[in-house]
Each structure stands twice: as structure tokens, then as C-alpha cells.
Amino acid sequence: MGRKRLNRENTGYIESNPGYIDGNTVRKLETAPIPERVQPSKEEYELEKERKIKKRKIQKKREKAKELDLFSVAWLVLAVGITFIVCVKYLTVQSQLTITTKEITAIENEILALKEENRTELDSITSDIDLDYIYKVATEKFGMVHPDKDQVVPYKSTKSDSVRQYGDIPNGTNESIISKIFQD
């Protein structure tokens, strides 16, 4: 049988049968024919040479493009610096906005507390006033009466509860209420 044997002297294999390799899973080798080398024509040779030159130029351009020149580095540093400054400014404005919002909330809470305190004080003041007693004293002691229709001058306020008088009220008298009270 033609099996490979190990030659101990030069530690190489001696093939007794070159088409057979020892083992149960090894396929039989088929040798491909060696093609004959064909000489390219002069035109093909020139085209191949031009392709290689173009390939080298492209390779050099790519390598040069990968390198950063001084202008590119300066531009990159400037862009990173501007980005950093914008980020810091943004965070500063955001922080100031948060602080201002908290201050506004605190002032609004203070205003609400003062309004509630004013409401409570007004309620306590108005609850101490007895309107029936005032009416009784005014009519019985001072002789006050309800006004007639021609004595009442209606006025509608558009903005507030208080009125500023810049001139005399039409159809009015110059006598005060106190003088009328004490005439009787």
C-alpha cells in the first residue's frame, strides 16, 4: 500500500504514492493543469501601467486627505471652543431661569398669603359693624331719611370701586349732610 511514512533523518515525508494521503476523511487530490503564461500585448501593458499610476495617485490623495493641515486643526479647535462657550452660556441662562422661576413662585405664594390675611382682616372688621344699630341711630337720633328719586345721581364705574371727583356733581346742593342734620 502506498502510505506516507515519516523519515526520521530529515523529518520530512516520503511519498511512495503521491495520489494517496493517509486518513479516512481526506479526499483524493486532483491537480489542476498549469496554464501557460501569455505575454500581454504592448497596449495592454500600457493600460495596466496607467491604471497602476492612477491607483498610486488616488492612494496618495487619500493619505494626504487623512492628514490634518494647520488650517484644519485651527478650524477644529475654534469650532470646539465656540461649542464649549455656547454650552456654558446655555447652562448659565438655564440656571438663572430656574432661580428666577423659584423667586417668582415664592413671591406669588407671599402675595397669596397677604391676600388671605387681608380677607381675614376685612371679614373681622365687617363682622364687628352692626348695620342695624347704625341705621337705628341715623334715623332716630339724627333724623336721616332715604333720598328722593331726584336727589340720587347714578354713576357707573368702569374700573374700580373708588371714584375721583374732578368737578361738582350736577343738581347737587352745597349744603353738607352734617349741616342738614343739625338744622332740625
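Turning to the overall build of the protein chain, a few remarks are in order. Within the protein chain one finds four helices and two strands. Ordered by position from the N terminus, the helices and strands of the protein chain form the series β-β-α-α-α-α. Burial status across the protein chain gives 2% buried among its 184 residues. Taken as a whole, the protein chain presents about 19300 Å² of accessible surface, with 58% of it coming from carbon and sulfur.

One full turn of an α-helix is made of 3.6 residues, so residues set three or four places apart face in the same direction. Spanning 25 residues, helix α1 (residues 42–66) covers 36 Å between terminal C-alpha atoms, matching the ideal 36 Å at 1.5 Å per step. Within α1, only zero of the 25 residues are buried, which leaves it mostly out in the open.

All right, on to a nonpolar patch on the surface then. Taken together, the side chains of Phe71, Trp75, Leu78, Ile82 and Val86 define a hydrophobic patch exposed on the protein surface, amounting to about 580 Å² of accessible area. For Phe71, the position within the fold is in helix α2 (residues 70–128). According to the relative accessible area criterion, Phe71 is exposed, its value standing at 61%.

All chains considered together, the criterion is met by two salt bridges. Two residues, Arg51 and Glu48, come together in a salt bridge whose shortest N-O distance is 3.1 Å. Of this pair, Arg51 and Glu48 both sit in helix α1, three residues apart, which is roughly one turn of the helix. Owing to a relative accessible area of 36%, Glu48 belongs among the partly exposed residues under this scheme. Its salt-bridge partner being Arg119, residue Glu116 comes within 2.7 Å of it at the nearest N-O pair. Residue Glu116 and its partner Arg119 are located together in helix α2, separated by three residues, close to a single helical turn.

The next subject is the confidence of the model for the protein chain. On average, residues of the protein chain carry a pLDDT of 78, and 71% of them reach 70 or more. Of the regions scoring below 50 in pLDDT, residues 1–15 engages in 18 contacts with residues more than four places distant in sequence or in other chains.

The rules behind these values
- Residues numbered from 1 in each chain as written.
- Predicted model: local features only at pLDDT ≥ 70, side-chain atom pairs only at ≥ 80, totals over all residues.
- Heavy atoms only, no water.
- Helix = DSSP H or I, 4+ residues; strand = E, 2+ residues; numbered from the N terminus.
- Buried < 20%, exposed > 50% of the residue type's maximum accessible area, 1.4 Å probe, protein only.
- Areas by Shrake-Rupley, 256 points an atom, 1.4 Å probe, with all protein chains shown as cover.
- Expected span 1.5 Å × (residues − 1).
- Patch = residues over 30% accessible without salt bridge, like charges linked within 9 Å, V, L, I, M, F, W, Y side chains within 5 Å.
- Salt bridge = Lys/Arg side-chain N within 4 Å of Asp/Glu carboxyl O.
- pLDDT = per-residue confidence, 0-100.
- Contact = heavy atoms within 4.5 Å.

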